[in-house]
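Report on the structure
Here is how the chains run, residue by residue.
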Amino acid sequence: MNSEITLILTIVGGIIAFFLLFYLLPVNLWFTAQLSNVRISLLNLVLMRLRKVSPALVTNAMITSTKAGLRISTNDIETHYLAGGNVNKVIRALISADKANIPLNFKLATAIDLAGRDVFDAVQLSVNPQVINTPPVAAVAKDGIQLIAKARVTVRANINQLVGGAGEETILARVGEGIVTTIGSAESHKQVLENPDKISKTVLAKGLDSGTAFEILSIDIADIDIGENVGAKLQTDQAEADLKVANARAEERRAMAVANEQEMRAKAQEAKAKVIEAESQIPLAIAEAFRSGNLGIMDYYKMQNIQADTDMRSSISNPKGNDKNK
């Protein structure tokens, strides 16, 4: 009984050891590499396991690159894998670049990949240029007419500028700036409509792809529409503003005139009050004259007659004023 248990444990242990041996010693990968003329030692594959690197990934990458005629070491592939890069995309990008005669080495490809860009798509974009449609760009010519232009920018990836180079947003912003500058420097909007290629030539000559991840191949004006008459609108707005200023100044002058009139009326009332006050002193002066003997009774009656005659003449010359006073 003990001997049977020992035999079973021995067989199970042998099977486990066999699988562990084949796990640590990937003989099938080594054999496949040898058949593909890729020189990888069995010990190196074992060490990859210990370094937590996938032997299958490295082996397949080495086989693919060797078949494509590329010279890449297993150490380079392991380093990129441990850095968190996408080994398969890098290998595919290198093969595509080699077939398209695009200068791309393993160091630059891994740098692009680690920078977060898709290196394989970048190579494809270098082979097949991309067309970027700009949003409508509005600009005003010197004659005040607004033009709205749309452009198509044909670009291809600049492999050497992918790391640290600006993207599509910068290209669109620079092209829009160039369109605004070109239209704004035109004497008339008709010149732009007659020669829309002038915009393309002017913008393209500015070297707008400097410092970007793209190379501009062409800039084509797809459409130009006439917008508002901005010059006339500005003149109308200015005229309305001038009218408001003139009205404000006229209102200010009117208010000053009213204030002056009120002030003159106040002064007239003040003078009238002084006259009334002075007139109120006349009876006192007459009484004083009687007491002092400077005025006789006949002089007083004579003065009364003159006053009555004066009042009569005033009533005849101004009957309405006389009624009003009554």
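Since we're looking at a predicted model, the values are computed, not measured.

**Topic: the overall build of the protein chain**
Within the protein chain, the regular secondary structure consists of 15 helices and four strands. Burial status across the protein chain gives 29% buried among its 326 residues. Residue pairs in contact within the protein chain that sit at least 24 positions apart in sequence constitute 67% of those at least 6 positions apart. For the protein chain, the exposed surface amounts to about 21400 Å²; the carbon and sulfur share of it is 56%.

**Considerations on helix α11 (residues 197-204)**
Every buried residue of α11 is accounted for by Ile199, Ser200 and Val203. For α11, the buried positions fall inside an angular range of 100° around the axis, keeping them on one side. On its buried face, α11 is in contact with α9 (168-184), α10 (189-194) and β4 (214-229).

**What about a nonpolar patch on the surface?**
A surface patch of nonpolar side chains, about 380 Å² in accessible area, is lined by Val27, Trp30, Phe31 and Leu35. Looking at where leucine 35 falls in the secondary structure, it is placed in helix α2 (residues 27-35).

**Section: the pattern of salt bridges**
The tally for this structure, following the rule as stated, stands at nine salt bridges. Residues glutamate 251 and arginine 254 are paired through a salt bridge, measuring 2.7 Å at the closest nitrogen-oxygen approach. With glutamate 251 and arginine 254 both in helix α12 (residues 230-280) and three residues apart, the pair spans about one turn of that helix. Exposure remark for glutamate 251: the relative accessible area of 42% places this residue in the partly exposed category.

**Describing the packing of aromatic side chains**
Overall, the coordinates contain zero aromatic pairs when judged by the stated rule. We note arginine 92 situated over the ring of phenylalanine 120; from NZ or CZ to the ring centre the distance is 4.1 Å.

**Some remarks on the nonpolar core**
Counting 60 residues, the largest nonpolar core has Leu94, Leu104, Val153, Ile159, Ile179, Ile183 and Ile199 as the members making the most contacts within it. A domain split of this core shows at least three residues from each of domain 1 (7-127) and domain 2 (130-228). Ignoring any residue separated from it by four or fewer positions in sequence, one finds leucine 94 in contact with Leu70, Ile72, Leu104, Asn105, Phe106 and Ala109.

**Regarding the side chain of serine 126**
Inspection of the secondary structure puts serine 126 in helix α8 (residues 119-127). Among the polar contacts made by the side chain of serine 126, one reaches the main-chain carbonyl oxygen of alanine 157 at a distance of 3.1 Å.

**Section: the packing of helix α3 (residues 42-50) against helix α4 (residues 55-67)**
Between α3 and α4, the least distance of the axes is 9 Å, while the angle of their chain directions is 130°. Of the possible angle classes, the one that applies to α3 and α4 is oblique. Along the contact surface, α3 presents Leu45, Met48 and Arg49, while α4 presents Pro55, Val58 and Thr59.

**Quick notes on the side chain of glutamine 146**
Secondary-structure assignment places glutamine 146 in strand β3 (residues 145-157). Glutamine 146 gets classed as buried once you look at its relative accessible area, which sits at 17%. Ignoring anything within four residues of it in the chain, the contact list for glutamine 146 reads Ala138, Ala139, Val140, Asp225, Ile226, Gly227, Glu228 and Val230.

**What to know about unusual backbone geometry**
The phi dihedral of lysine 52 falls on the positive side, at around 60°, and the residue is not glycine. The residue lysine 52 is located in the loop between α3 and α4 in this model. Under the relative-accessibility criterion, lysine 52 is labelled exposed at 72%. Non-glycine residue asparagine 101 carries a positive phi angle of around 60°. Its location among the elements puts asparagine 101 in the loop between α6 (87-99) and α7 (106-114).

Criteria and thresholds
Residues numbered from 1 in each chain as written. Predicted model: local features only at pLDDT ≥ 70, side-chain atom pairs only at ≥ 80, totals over all residues. Heavy atoms only, no water. Helix = DSSP H or I, 4+ residues; strand = E, 2+ residues; numbered from the N terminus. Buried < 20%, exposed > 50% of the residue type's maximum accessible area, 1.4 Å probe, protein only. Contact = heavy atoms within 4.5 Å. Areas by Shrake-Rupley, 256 points an atom, 1.4 Å probe, with all protein chains shown as cover. Arc of directions from axis to C-beta. Patch = residues over 30% accessible without salt bridge, like charges linked within 9 Å, V, L, I, M, F, W, Y side chains within 5 Å. Salt bridge = Lys/Arg side-chain N within 4 Å of Asp/Glu carboxyl O. Phe/Tyr/Trp six-rings, centres within 6.5 Å; stacked < 30°, edge-to-face > 60°. Lys NZ or Arg CZ within 6 Å of the ring centre and 35° of its normal. Core = buried A, V, L, I, M, F, W, Y, C linked by side-chain atoms within 4.5 Å. Domains from an automatic or database assignment. Polar contact = N/O pair within 3.5 Å; in protein donor to acceptor, adjacent residues only side chain to side chain. Axes fitted to C-alpha atoms, helices over the stretch in contact; angles between N-to-C directions. Parallel < 35°, antiparallel > 145°, perpendicular 65-115°, else oblique.

Geometry only, nothing functional implied.
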